Amino acid sequence: MMNGVEKTNGEDIAMEEQLITPWTASVSCGYTLLRDPRHNKGLAFTVDERDAHYLRGLLPPALLTQELQEKKLMHILRQYEVPLQRYMAMMDLQERNERLFYKLLIDNVEELLPVVYTPTVGEACQKYGTIFRRPQGLYISLKEKGKILEVLKNWPERDIQVIVVTDGERILGLGDLGCQGMGIPVGKLSLYTALGGLRPSACLPVTIDVGTNNGKLLNDEFYIGLRQRRATGQEYAELLDEFMTAVKKNYGEKVIVQFEDFANHNAFELLAKYSPTHLVFNDDIQGTASVVLAGLLAALKVVGGTLADHTFLFLGAGEAGTGIAELIALEISKQTNAPLEETRKKIWLVDSKGLIVSSRKGSLQHFKKPWAHDHEPIKGLLDAVKAIKPTVLIGSSGVGKTFTKEVVEAMASINEKPLILALSNPTSQSECTAEEAYTWSEGRAIFASGSPFDPVEYNSRVFVPGQANNAYIFPGFGLGLVISGAIRVHDDMLLAASEALAEQVKQENLDKVLIYPPFSNIRKISADIAAKVAAKAYELGLASRLPRPKDLVKYAESCMYSPLYRSYR
Ligand SMILES: O=C([O-])CC(=O)C(=O)O
Ligand SMILES: [Mg+2]
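Residues numbered from 1 in each chain as written. Chains lettered and ligands numbered in written order. Predicted model: local features only at pLDDT ≥ 70, side-chain atom pairs only at ≥ 80, totals over all residues. Heavy atoms only, no water.

Enquirer: Go over the sheet that holds strand S1 (residues 138–141), please, and point to the residues and values.
Expert: Where strands meet in a sheet, backbone hydrogen bonds hold them as pairs that are either parallel or antiparallel. Strand order across the open sheet formed by five strands is S1-S3-S2-S4-S5, with parallel pairing between neighbours. The outermost strands of the open sheet, each flanked by one partner alone, are S1 and strand S5 (280–282). Between one strand axis and the next, the sheet turns through 25° on average, direction left out of account. Contacts between helix H14 (residues 233–251) and the sheet are confined to S1, strand S2 (162–166), strand S3 (203–209), strand S4 (256–259) and S5, with S3 contributing the most and set at about 160° to the helix. (Pairing = 2+ DSSP bridges. Helix = DSSP H or I, 4+ residues; strand = E, 2+ residues; numbered from the N terminus. Axes fitted to C-alpha atoms, helices over the stretch in contact; angles between N-to-C directions. Contact = heavy atoms within 4.5 Å.)

In structure tokens form, the structure reads like this:
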């Protein structure tokens, strides 16, 4: 909030853009203004602004437009060959000049997404202690127990709309990175702004530090987190509960809490525990499910049939695997009116012990139980493929190189157009590469992956792999919750988001066997997703923002943050 201008409303945002009083004088001026990333414009400050805000002499005489600044920075970034250097350059820019950071990210989204997001963000988290410069979010450790509300008040912004929180236990497919998981909430929230148009000041990255079981980090002299093994049980639950209570008290009930990269055992429990009372969303369970369902709906236009005609086999029965499986079952139920217990039977999951079958029911974790169907036990993935004969194979195990040549060949021998999704991140954990999927299937696979792969040429044909990453969903989904003032997340909103995304896949994409639209269009896609999610929130009586805007797409677009500099004169 600045000058009392409410920025959650489209008209009021427009009003804010027109403010011409030198309001920065009340925020910062002179040298401090140049060090304030939210307001700094560097060499783009005009002569008038330099005079009005005590900047004369603090900058060299040249004036650059934002476009020229962008051109210069893209040129510099492209000279770095090491991805982590690009990541660090982008983080420095975010710390120096926030609007320019978002202008670069929005205008060059396909090029910069792999820099600020998967795969590079994974490496950044692994090395976070060494590359750490300035805190970019809130650290809430066991030492803050009893004081979490005070800690929230230390954050400089009051008007928070979305929190992304991790406890670092399962960062992408890289495992327990403890406190260094902070790179993930920071990266996810920069996509909330760039892709979904939420204001940066309304976004709060949080890392809950209850220790780490990663021995390498515990022995690393530069590790930034608590040097102890993870707290569990009651101690863990109490800290999380204090956090969730403090969040609602401090920011109200319409703040989104997005759980990210928690380990399975906590992820399902936290979602179930807080869904009835808080506006919570688990990106790994629900966001990933929604993006995969969208890809499947689009793929049906290439492979034919309805979802109910397909048989699905998952490698990995954790958050992503069971989350996707459940959303597919729900969608089939919706389309066919068949009960969920029936529609689940077309979906099979393999975990580290083999195919999940009813004889294992007694020893299964609760989230796997719905998938224990009648079948003789099978150990390996290849044998499961041969026995189940899936039309769709989905990797969500976090373990790389598990879709072997034999597995892909088996899929290709069963199906004319096998659908193969290698979802695990970052690239090192991908179940197979795009090139492997296309060559081993002799160019017949429809392939998408969680982390990006370059297009592949095979038999003089170019295949463009899609990126089945929840980044397509959560920014627009969150925007939809915000603009409708939603107070709870409902599964039907996830289905609405999937359908909105699938509609954006055009024939020209399908012609390249691409089942996701290009990211270059993402802000338009996010506005569409937001509108459909908001419409569903109104329909379900879960929206608190009244009256309902007539044209939700236009309204969503009008609310989106623009990275263009504002005039301070
Ligand atoms: O962050 C990503 O790229 C997707 C995701 O949620 C995960 O892999 O945990
Ligand atoms: Mg995640």
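The discussion continues.
Enquirer: So what's going on with the side chain of serine 498? Which residues, and what values?
Expert: If you trace the backbone, serine 498 turns up in helix H23 (residues 491–503). Accessibility expressed as a relative area gives 0% for serine 498, which makes it buried. In terms of polar contacts, serine 498 uses its side chain to reach the backbone carbonyl oxygen of serine 290, at 2.9 Å. Once residues within four sequence positions are removed from consideration, serine 498 is found in contact with Ser290, Leu293, Ala294, Leu297 and Leu327. (Buried < 20%, exposed > 50% of the residue type's maximum accessible area, 1.4 Å probe, protein only. Polar contact = N/O pair within 3.5 Å; in protein donor to acceptor, adjacent residues only side chain to side chain.)

Enquirer: Outline the UniProt feature "domain: Malic enzyme N-terminal" (unreviewed entry) in the protein, supporting the account with residue identities and numerical values.
Expert: In the UniProt entry, the feature "domain: Malic enzyme N-terminal" (unreviewed entry) is given for residues 94–275. With 47% helix and 11% strand, residues 94–275 has end C-alpha atoms that lie 33 Å from one another. (UniProt positions renumbered as here; feature names shortened; annotations may be inferred.)

Enquirer: I'd like a rundown of the sheet that holds strand S9 (residues 392–395), residues and numbers included.
Expert: Strand order across the open sheet formed by seven strands is S8-S7-S6-S9-S10-S11-S14, with mixed pairing between neighbours. Only two strands of the sheet have a single partner each, and these edge strands are strand S8 (354–355) and strand S14 (466–467). Note that strand S6 (residues 312–315) and S9 share four bridges and pair parallel. Across the sheet, the residue bridging to leucine 315 is glycine 395, located in S9. Docked against the sheet, helix H19 (residues 381–388) engages S6, strand S7 (347–351), S8 and S9, running at close to 175° with respect to S6.

Enquirer: Summarise unusual backbone geometry; cite the residues concerned and give the values.
Expert: With an omega dihedral of 10°, the bond running from threonine 118 to proline 119 counts as a cis peptide bond. With respect to the element layout, proline 119 can be found in the loop between helix H8 (109–116) and helix H9 (120–126). Although it is not a glycine, glutamate 442 adopts a positive phi angle of roughly 55°. We classify glutamate 442 as exposed; its relative accessible area is 55%.

Enquirer: Can you lay out the UniProt feature "active site" (unreviewed entry) in the protein for me, pointing to particular residues and giving the numbers?
Expert: Sequence positions flagged by UniProt for "active site" (unreviewed entry) are, in local numbering, Tyr117 and Lys188. The greatest C-alpha distance among the residues just named is 7.5 Å, despite their covering 72 residues of sequence, which places them together in space. Counting through the fold element by element, tyrosine 117 comes out in the loop between H8 and H9. For tyrosine 117, a relative accessible area of 5% corresponds to the buried category.

Enquirer: Would you mind going over the pairing of S4 in detail, with residue names and values included?
Expert: Side chains of S4 alternate between two faces, with Ile256 and Gln258 and Val257 and Phe259 buried alike. For S2 and S4, the ladder comprises four bridges, and the chain directions are parallel. The residue bridging valine 162 from the neighbouring strand is isoleucine 256, located in S4. By the bridge criterion, three bridges tie S4 to S5 in an arrangement that is parallel. Of the residues in S5, the one forming a bridge with valine 257 is valine 280.

Enquirer: Please give an account of the coordination of the magnesium ion (ligand 2) that cites residues and values.
Expert: Coordination of the magnesium ion (ligand 2) by the protein is provided by Glu260 (OE), Asp261 (OD) and Asp284 (OD), with metal-donor distances spanning 2.0 to 2.1 Å. Considered as a linear motif, the donors of the magnesium ion (ligand 2) on their single chain read E-D-x22-D. The two residues glutamate 260 and aspartate 261 agree in class, both being buried. (Donors = N, O, S within 2.8 Å, 3.2 Å for Na, K, Ca; no water.)

Enquirer: Quick rundown of the packing of helix H6 (residues 83–96) against helix H7 (residues 98–107)? Include the residues and the values.
Expert: With their axes 5 Å apart at the nearest point, H6 and H7 run at an angle of 135° to one another. The orientation of H6 with respect to H7, classified from their angle, is oblique. On H7, the residues touching Met90, Met91, Leu93, Gln94 and Arg96 of H6 are Glu98, Leu100, Phe101, Tyr102 and Leu104. Counted by class, the contact of H6 with H7 contains seven nonpolar, one polar and two charged residues. (Parallel < 35°, antiparallel > 145°, perpendicular 65-115°, else oblique. Nonpolar A, V, L, I, M, F, W, Y, C, P; charged D, E, K, R; others polar.)

Enquirer: Report on helix H17 (residues 319–336), specifying residues and quantitative values.
Expert: Counted at 1.5 Å a residue, the expected span for H17 with its 18 residues is 26 Å, and the 26 Å between its end C-alpha atoms agrees. Across the 18 residues that make up H17, a large majority, 13, are buried. At the exit of H17 stands asparagine 337, carrying a positive phi of roughly 65°. (Expected span 1.5 Å × (residues − 1).)

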